[in-house]
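Notes for the structure review
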Amino acid sequence: MTAEQARAWGAEGDHSPLMNNYGSPPRLFVRGQGAEVFDADGTSYVDFLCGIAVTGLGHAHPAITAAITAQAAKLTHTSNLFANEHQAPVAECLSRLIDGGSGQVLFQNSGAEANEAAIKLVRKYQGRGRHGVVSALRSFHGRTMAALAATGQPEKHEPYQPLPEGFRHVVWNDLDEFERSLVPEVGGVILESVQGEGGVNPARDDYLQGVRKLCDERGILLIMDEVQTGMGRTGRWFGFQHAGIVPDVVTMAKGIANGMPVGAVWARDEVAAAFGPGDHGSTYGGQALALSAARATLTELEAIDAPALAQRLEGVFRHHLEALPGVDHVRGRGLLLGVELNDEGRAGRSGAEIARACLDKGMICSGVTPTALRLAPPYVISDQQIEYGVGVLADVLADHGGDH
Ligand SMILES: *Cc1c(COP(=O)(O)O)cnc(C)c1O
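Note that this is a predicted model, so its numbers are computed, not measured. (Residues numbered from 1 in each chain as written. Predicted model: local features only at pLDDT ≥ 70, side-chain atom pairs only at ≥ 80, totals over all residues. Heavy atoms only, no water.)

Right, let's get into the overall build of the protein chain. Scanning the protein chain from N- to C-terminus turns up 15 helices and 17 strands. For 404 residues, the compact-globule estimate of 2.2 N^0.38 gives 22 Å, and the C-alpha radius of gyration of the protein chain, at 21 Å, lies within 12% of that figure. Each principal axis of the C-alpha atoms in the protein chain carries an extent, and together these give about 60 × 55 × 45 Å. In the protein chain, which comprises 404 residues, the proportion classed as buried is 54%. Once local pairs closer than 6 in sequence are excluded, the contacts in the protein chain between residues at least 24 apart make up 70%. Of the roughly 17,200 Å² that the protein chain leaves accessible, carbon and sulfur atoms contribute 53%. On the protein chain, the mean spot of the 33 positive side-chain charges and the mean spot of the 48 negative ones are 4 Å from each other. (Helix = DSSP H or I, 4+ residues; strand = E, 2+ residues; numbered from the N terminus. Rg over C-alpha atoms; globule rule 2.2 N^0.38 Å. Buried < 20%, exposed > 50% of the residue type's maximum accessible area, 1.4 Å probe, protein only. Contact = heavy atoms within 4.5 Å. Areas by Shrake-Rupley, 256 points an atom, 1.4 Å probe, with all protein chains shown as cover. Lys, Arg positive; Asp, Glu negative; His and termini not counted. Charge placed at Lys NZ, Arg CZ, Asp CG, Glu CD.)

Before going further, it helps to examine the side chain of Gln108. Within the secondary structure, Gln108 sits in strand S4 (residues 104-108). For Gln108, a relative accessible area of 3% gives the class buried. Apart from residues lying up to four places away in sequence, Gln108 is in contact with Glu113, Ala114, Ala117, Val262, Gly263, Ala264, His280, Ser282, Gly285 and Gly286.

A few words on unusual backbone geometry. With an omega of 0°, the peptide bond running from Gln161 to Pro162 counts as cis. Structurally, the position occupied by Pro162 is in the loop between helix H7 (154-157) and strand S6 (167-170). Phi angles above zero are rare outside glycine, and Ser79 is one such case at about 80°. Relative to the assigned elements, Ser79 resides in the loop between helix H3 (62-72) and helix H4 (87-99).

Here we take up the domain arrangement of the protein chain. The assigned domain composition of the protein chain is domain 1 (3-61 + 306-398) and domain 2 (75-303). The straight-line distance from the C-alpha centre of domain 1 to that of domain 2 is 26 Å. For the domain 1 and domain 2 pair, buried surface summed over both sides reaches about 2,200 Å², with 56% attributable to carbon and sulfur atoms. Among the residues of domain 1 in contact with domain 2, Leu57, Arg333 and Leu336 are the three that bury the most area, contributing 30% of the side total. The interface formed by domain 1 and domain 2 includes two salt bridges. Linking domain 1 with domain 2 are 15 residue pairs in polar contact (both at pLDDT 80 or more), by the criterion used here. Counting residues per element, the ones that place at least two in the side of domain 1 that touches domain 2 are helix H2 (50-53), helix H12 (306-321), strand S13 (327-333), strand S14 (336-341) and strand S16 (366-369). Of the residues forming the side of domain 1 that touches domain 2, the biggest block, four residues, is contributed by H12. Considered class by class, the residues forming the side of domain 1 that touches domain 2 number 16 nonpolar, nine polar and three charged. (Domains from an automatic or database assignment. Buried area = accessible area lost by both parts, 1.4 Å probe. Salt bridge = Lys/Arg side-chain N within 4 Å of Asp/Glu carboxyl O. Polar contact = N/O pair within 3.5 Å; in protein donor to acceptor, adjacent residues only side chain to side chain. Nonpolar A, V, L, I, M, F, W, Y, C, P; charged D, E, K, R; others polar.)

On to H3, then. Ile64, Ala67 and Gln71 are the residues of H3 that are buried. End-on, the buried residues of H3 take up no more than an arc of 65°, which puts them together on one face. The secondary structure elements touched by the buried residues of H3 are helix H11 (288-303). (Arc of directions from axis to C-beta.)

Structure representation (structure tokens):
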């Protein structure tokens, strides 16, 4: 960081006004345009990460900027004691994309809150004694207490025990173990269609189909956490659609409003009816300013056919990435890709260190496991930008152990 950036961030001297929760940020960005962001020195970076699968339409998209600025000048917030003009159209659109138009939506502000609401909805529907929730090892469902309890990463639980009880975790993509976990107290299941934070691990279609069938047989509600995979990212509007199933509950957030904080939980009508007035709530959830961005984002995602773009661009990414000698394989779906590096490409470096080296050369991605990178680029990225960014990765992988 430059001195000016450090001052802006507050890192001068030895006492930062910011908690050290995220460590020392490697860059301070001031501006973005499409698939590019710029730091305070004007240096440009091609964005293969989109703020972690959030800004699918790219930065400073004119239609989203126009919607936010118009709404900001008109009305930002009135609370859920009243309706606003965006709630019903956005909910209708989400329902249509999920299952053709039935079901109901409750708005929140983030992915964790959407999952928290979904877990409460399932408990309310199932009643006491069927409050158990099964989720997968290596899953990620958020940082609030119940979402954290559902997250299948025990090392993240440890400092915060005791967590809410009733959560159990099963090996990913193993239907037999899943079936064995379904003790009578289990009333809900929460799964991602592609584990994002856990390393970009897609669910097998026959696994999700088997889970759906077992849930149907036993009256268990299936929650699909589409927070990272939703809004077209995997090449379908929602990742579970690859398997041809319909969940009972769907949670969404990241890609929904191109960077404004919006989360949502959808449920089929009978399940949604378990929440009546006062059962759950959020002061900001569904507020006019955030939903103006969601509405414009959904309109634009449909106009450009985001799922089709994700499918096409997946091919372009795979074509370039699979040709790199340092790459072992590419996994994932659509524009949510995990790039597994081989020993030669890593040359002793971790995924995070490789991602950092890419940043220093002008490409943004993240290290998602010690040996893999995650790419979640925007739908608006050009083939040239893909080639440029993959070229940066090629240089870093060929560089065998840093600057000499
Ligand atoms: C990011 C993420 C969350 C948490 O979302 P926040 O907005 O950070 O609370 C939950 N589930 C999945 C699958 C995610 O990728």
